[in-house]
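Chain and residue survey
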Amino acid sequence: MATIIRNRERVTEIFYSIFFTEDGNGGFSFPCDEDGNVMLSNMEDPAINNYNWCVEHGIPARIRKERSTWTENARAICECGKEQKRGLGSRDISRRQALLKRN
């Protein structure tokens, strides 16, 4: 018999990026907070150079709010003391649904 130590849960992460584009077909995107403050300390030098170029050249920018959602599997400990994942994660479910549609 296994003992559940963490129930399965749905997790949503919200993050922001500032997106510079002139024509809507491509551009530069950099991580930022919800007010558009770019996190330069988390960026490599080439990305910082690109960000500075966009600002210096007056490229139009907008802040994008993005969301990533996934299911964390439940965790259990079996009688032997070993931790186990329980249930299907969202990726497993999507893969399973795709296989069912093929058959």
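Our structure is the block above this text.
Residues numbered from 1 in each chain as written. Predicted model: local features only at pLDDT ≥ 70, side-chain atom pairs only at ≥ 80, totals over all residues. Heavy atoms only, no water.

So, the overall build of the protein
The helix and strand tally for the protein stands at two helices and six strands. The N-to-C order of helical and strand elements in the protein reads β-β-β-α-β-β-β-α. Out of the 103 residues belonging to the protein, those deemed buried represent 20%. The long-range share in the protein, meaning contacts at least 24 apart out of those at least 6 apart in sequence, stands at 58%. Accessible surface, the protein as shown: approximately 8,000 Å² in total, 45% of it carbon and sulfur. (Helix = DSSP H or I, 4+ residues; strand = E, 2+ residues; numbered from the N terminus. Buried < 20%, exposed > 50% of the residue type's maximum accessible area, 1.4 Å probe, protein only. Contact = heavy atoms within 4.5 Å. Areas by Shrake-Rupley, 256 points an atom, 1.4 Å probe, with all protein chains shown as cover.)

Some thoughts on the sheet that holds strand β2 (residues 9-20)
Pairing is antiparallel in the open sheet, where three strands are placed in the order β3-β2-β4. In this open sheet, the two edge strands, each paired with only one partner strand, are β3 (28-32) and β4 (61-72). Taken pair by pair, the neighbouring strands of this sheet meet at an average axis angle of 35°, ignoring direction. Judged from the five bridges that link them, β2 and β3 form a sheet pairing that is antiparallel. Across the sheet, Ser17 pairs through a bridge with Pro31, a residue of β3. The sheet strands contacting helix α1 (residues 45-56) are β2 and β3, and the helix crosses β3 at an angle near 105°. (Pairing = 2+ DSSP bridges. Axes fitted to C-alpha atoms, helices over the stretch in contact; angles between N-to-C directions.)

Digging into the nonpolar core
One finds Ile18, Phe20, Phe30, Cys32, Val38, Met43, Ile48, Tyr51, Cys54 and Ile59 forming the largest nonpolar core, which totals 10 residues. With three residues, α1 is the single largest residue contributor to this core. Among residues more than four places away in sequence, those in contact with Cys54 are Phe20, Phe28, Phe30 and Ile59. (Core = buried A, V, L, I, M, F, W, Y, C linked by side-chain atoms within 4.5 Å.)

Side note on the packing of aromatic side chains
Going through the model one piece at a time under the given rule, you end up with five aromatic pairs. Ring geometry for Phe28 against Trp53: centres 6.4 Å apart, planes inclined by 55°, an arrangement best described as tilted. Here Trp53 lies in helix α1 and Phe28 lies in strand β3, a separation of 25 residues in the sequence. With relative accessibility at 30%, the residue Phe28 sits in the partly exposed group. Lying across the ring of Phe19, Arg64 places its NZ or CZ 4.3 Å from the centre. (Phe/Tyr/Trp six-rings, centres within 6.5 Å; stacked < 30°, edge-to-face > 60°. Lys NZ or Arg CZ within 6 Å of the ring centre and 35° of its normal.)

Some points on the pattern of salt bridges
Between side chains of opposite charge, a pair can form when the charged atoms approach closely. Enumeration according to the criterion identifies three salt bridges in this entry. Measuring nitrogen to oxygen at the nearest pair gives 3.7 Å for the salt bridge that ties Arg6 to Glu72. One end of the pair, Arg6, is in strand β1 (residues 3-6); the other, Glu72, is in strand β4, and 66 residues separate them in sequence. Since its relative accessible area comes to 31%, Arg6 is described here as partly exposed. The exposure class assigned to Glu72 is partly exposed, which follows from its relative accessible area of 28%. Note that Glu83 is salt-bridged to Arg75, the shortest N-O span being 3.6 Å. Using a relative accessible area of 45% as the deciding quantity, one classes Glu83 as partly exposed. (Salt bridge = Lys/Arg side-chain N within 4 Å of Asp/Glu carboxyl O.)

Shape is all these values report; function is a separate question.
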